[in-house]
Amino acid sequence: MSDVPLTGPLQRLIDELKKLPGIGARSAERLAFHLLKATPEEALALADAIRATKEQIRPCTRCFNLTDAELCHICADPRRDASTIVVVEQPKDLMALEATGLVTGVYHVLMGRLAPLEGIGAGDLTLDALRGRVKAGDVREVILATNPTVEGEATALFLGERTAARGIRASRIAHG
Ligand code: ZN
């Protein structure tokens, strides 16, 4: 591929693709030329999917999982055991656990973990909402499925103590 800068929309597309994680200059060019060769339907399906995702996807009002509705499909499912809450750091962690098919309960996404060195404290996570769910009753067990990192372990310890203080069973999920 040429190193001569392209002008106009094609260069703009390459510049946008280059901003994506794991996409270097050469990959961005390859993808841009691929899209240029694709049919209008194929190329615009990608554009539409990006637009729809940005416009429609939002956090579940109960658990902060990603959804295009008020409640995510898990919270809205009456067959799920609402007395067991599995606490995870990010929506992608929820998806990974959900893919195992082993979770019968519901989730709570913290949207991060406690990381004092990065200035991320309890107020930056969705802890108030979690407290509200536990306080509302019906919760018998909280399973702490934060990641097996130093921060994830510290977050689990923090939440475990808080939960136990309320007389609710708290357990740590086994990793690996
Ligand atoms: Zn939900």
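Residues numbered from 1 in each chain as written. Predicted model: local features only at pLDDT ≥ 70, side-chain atom pairs only at ≥ 80, totals over all residues. Heavy atoms only, no water.

Turning our eyes to something else, we now look at helix H2 (residues 25–37). For H2, built from 13 residues, the straight-helix expectation of 18 Å at 1.5 Å per residue is met to within 8% by its first-to-last C-alpha distance of 19 Å. Burial in H2 covers these residues: Ala 28, Glu 29, Ala 32 and Leu 35. Down the axis of H2, the smallest arc covering the buried residues is 130°, so these residues share one side. Away from its buried face, by an angle of more than 90 degrees, H2 presents the exposed residues Arg 30, His 34 and Lys 37. Against helix H1 (8–18) and helix H3 (40–56) lie the buried residues of H2. (Helix = DSSP H or I, 4+ residues; strand = E, 2+ residues; numbered from the N terminus. Expected span 1.5 Å × (residues − 1). Buried < 20%, exposed > 50% of the residue type's maximum accessible area, 1.4 Å probe, protein only. Arc of directions from axis to C-beta. Contact = heavy atoms within 4.5 Å.)

Quick look at the environment of Lys 135 now. Examined against the element boundaries, Lys 135 turns out to sit in helix H5 (residues 127–135). Taking relative accessible area as the criterion, Lys 135 reaches 61% and is therefore assigned exposed. Placed 20 residues apart in sequence, Lys 135 and Thr 155 show a C-alpha to C-alpha distance of 20 Å.

Coordination of the zinc ion by the protein is provided by Cys 60 (SG), Cys 63 (SG), Cys 72 (SG) and Cys 75 (SG), with metal-donor distances spanning 2.3 Å. Along the chain, the residues that donate to the zinc ion are spaced as C-x2-C-x8-C-x2-C. Of the residues examined, Cys 63 reaches a relative accessible area of 1% and is grouped as buried. (Donors = N, O, S within 2.8 Å, 3.2 Å for Na, K, Ca; no water.)

We now examine unusual backbone geometry. For Phe 64, which is not a glycine, the phi torsion comes out positive at approximately 75°. Residue class for Phe 64 comes out partly exposed when judged on its relative accessible area of 21%. The backbone of Met 111 sits at a positive phi, close to 60°, despite the residue not being glycine.

Here we come to the pattern of salt bridges. Across all of its chains, the model carries eleven salt bridges by this definition. The residue Arg 79 makes a salt bridge to Asp 77 at a minimum N-O spacing of 3.1 Å. Classification of Arg 79 by relative accessible area gives exposed; the value is 73%. Asp 77 sits in the buried class, given a relative accessible area of 18%. (Salt bridge = Lys/Arg side-chain N within 4 Å of Asp/Glu carboxyl O.)

Counting residues in each nonpolar core, the largest one holds 29 residues, and the members touching the most others are Val 86, Val 87, Val 88 and Tyr 107. Looking at this core, the elements that each hand over two or more residues are strand E3 (81–88), helix H4 (91–100), strand E4 (105–109), H5, strand E5 (141–144) and helix H6 (150–165). Sort the elements by how many residues they give to this core and E3 lands first, with four residues. Contact partners of Tyr 107, with chain neighbours within four places excluded, come to Cys 63, Ile 74, Arg 80, Ile 85, Val 86, Val 88, Leu 94, Leu 97, Glu 98 and Arg 133. Listed in part, the five residues of the second largest apolar core include Leu 10, Ile 14, Leu 17 and Ala 32. (Core = buried A, V, L, I, M, F, W, Y, C linked by side-chain atoms within 4.5 Å.)

All right, on to a nonpolar patch on the surface then. A cluster of nonpolar side chains, contributed by Ile 57, Leu 66 and Met 95, occupies part of the molecular surface with about 260 Å² of accessible area. Along the chain, Leu 66 falls in strand E2 (residues 66–67). Judged by its relative accessible area of 41%, Leu 66 is partly exposed. (Patch = residues over 30% accessible without salt bridge, like charges linked within 9 Å, V, L, I, M, F, W, Y side chains within 5 Å. Areas by Shrake-Rupley, 256 points an atom, 1.4 Å probe, with all protein chains shown as cover.)

This brings us to H5. Residues of H5 that are buried include every one of Leu 127, Leu 130, Arg 133 and Val 134, and no others. One side of H5 holds all its buried residues, which, seen down the axis, span an arc of 120°. In H5, those exposed residues whose orientation departs by more than 90 degrees from the buried face are Asp 128 and Lys 135. Looking at the buried side of H5, the elements it contacts are E3, E4, E5 and H6. Immediately downstream of H5, the backbone of Gly 137 shows phi near 95°, a positive value.

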